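# A look at the structure
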Amino acid sequence: SYAQCSVTIAPLEVNDFTNSKSGIKFLESASLGNNVVATPIDDIVRVGNDLLFPALTDEDWYNQLTLSLNTNFEPGKIQRDAEQLIRDHSTKAEAESFLADLNSKVSEKQ
């Protein structure tokens, strides 16, 4: 369970398929205050915050895992960041953003 972790990892091969994936694993883990070492696919970067430690190369993974294991944020900051993640990236917030984008595109065509 994410609640029993302090660091989680999300290694992915970078390709069109994985780059189309959601950042939900980052959101699930980070909203509980975990540092996340992950391949920087587009959506993870989009939703990422200070708890994201992006890694591509073997050297990146070593450095980011080491850094994430040694980085502790103050509890107040973790709580504020978690609340912001939930506020900005909840299903409702994401749906409202998507709807606003659609409305903008429809308006441009008219």
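Placed above this text is the structure.
Residues numbered from 1 in each chain as written. Predicted model: local features only at pLDDT ≥ 70, side-chain atom pairs only at ≥ 80, totals over all residues. Heavy atoms only, no water.

## Details of the overall build of the protein chain
The cut-off we apply is this: Helix numbering and strand numbering both begin at the N terminus, where a helix is a DSSP run of H or I of at least 4 residues and a strand a DSSP run of E of at least 2. The cut-offs for exposure are 20% and 50% of the maximum accessible area for each residue type, with area from a 1.4 Å probe on protein chains only; residues under the lower value are buried, those over the upper are exposed, and the others partly exposed. Residue contacts are counted whenever heavy atoms from the two residues lie within 4.5 Å of one another. Charge assignment in this entry is limited to Lys and Arg as positive and Asp and Glu as negative, and neither His nor the chain termini are counted. For the purpose of locating charges, the reference atoms are NZ of Lys, CZ of Arg, CG of Asp and CD of Glu.
Summing up its helical and strand segments, the protein chain has six helices and three strands in all. Principal-axis analysis of the C-alpha atoms places the extent of the protein chain at approximately 55 × 35 × 20 Å. Put simply, the protein chain has 110 residues, and 31% of those count as buried. Across the protein chain, every contact between residues at least 6 apart in sequence was considered, and the portion connecting residues at least 24 apart equals 50%. Distance between charge centroids for the protein chain: 8 Å, based on 9 positive and 17 negative side chains.

## Some points on the side chain of Asp-81
Here Asp-81 is to be found in helix H5 (residues 75-89). The residues contacting Asp-81, other than those within four sequence positions of it, are Asn-49 and Asp-50.

## Comments concerning the packing of aromatic side chains
Cut-off, in case you're wondering: Note on aromatic contacts: the rings of Phe and Tyr and the six-membered ring of Trp form a pair at centre separations within 6.5 Å, being stacked when their planes are under 30 degrees apart, edge-to-face when over 60 apart, and tilted otherwise. The rule is short: NZ of Lys or CZ of Arg within 6 Å of the ring centre and within 35 degrees of the ring normal puts a charge over the ring.
Overall, the coordinates contain zero aromatic pairs when judged by the stated rule. The side chain of Lys-77 reaches across the aromatic face of Phe-73, ending 5.4 Å from its centre.

## A closer look at the pattern of salt bridges
Put simply, the rule is: Basic side-chain nitrogens of Lys or Arg form a salt bridge, by our definition, when they fall within 4 Å of a carboxyl oxygen of Asp or Glu.
Counted according to the given criterion, the structure contains seven salt bridges. For the salt bridge of Lys-25 with Glu-28, the shortest nitrogen-to-oxygen distance reads 3.5 Å. One end of the pair is Lys-25 and the other is Glu-28, both in helix H2 (residues 24-30) and three residues apart, which spans about a single turn. The partly exposed category is assigned to Glu-28, whose relative accessible area is 31%. In this structure, the salt-bridge partner of Lys-77 is Asp-50, at a minimum N-O distance of 2.7 Å. Here the residue Lys-77 occupies a position in helix H5, and Asp-50 occupies one in the loop between helix H3 (42-47) and strand S3 (52-54), the gap between them amounting to 27 residues. Looking at Asp-50, the relative accessible area reads 44%, which means it is partly exposed. Residues joined by salt bridges that share partners form a network here, namely Asp-43, Arg-46 and Glu-94.

## Focus: the nonpolar core
Quick note on the threshold: Take the buried residues of types Ala, Val, Leu, Ile, Met, Phe, Trp, Tyr and Cys, join any two whose side-chain atoms come within 4.5 Å, and each joined set is a nonpolar core.
Grouped together as the largest cluster of nonpolar side chains are twelve residues: Ala-10, Phe-26, Leu-27, Ala-30, Val-36, Ala-38, Ile-41, Ile-44, Val-47, Leu-51, Leu-52 and Leu-85. Mapped by element, the contributors of at least two residues to this core are H2, strand S2 (35-38) and H3. At three residues, H2 tops the list of elements feeding residues into this core. If we skip the residues at most four places from it in the chain, Leu-52 touches Phe-26, Val-36, Ala-38, Ile-44 and Val-45.

## Concerning the pairing of S2
Two faces, one strand: in a regular strand the side chains alternate between the faces of the sheet. Put simply, the rule reads: Any two strands with at least two DSSP-identified bridges between them are counted as paired.
Because side chains alternate across S2, one face comprises the buried residues Asn-35 and Val-37, and the other comprises Val-36 and Ala-38, equally buried. As paired strands, strand S1 (residues 7-10) and S2 are joined by four bridges and run parallel to one another. Bridging across to S2, Val-7 finds its partner in Asn-35. Across three bridges, S2 lies against S3 in parallel orientation.

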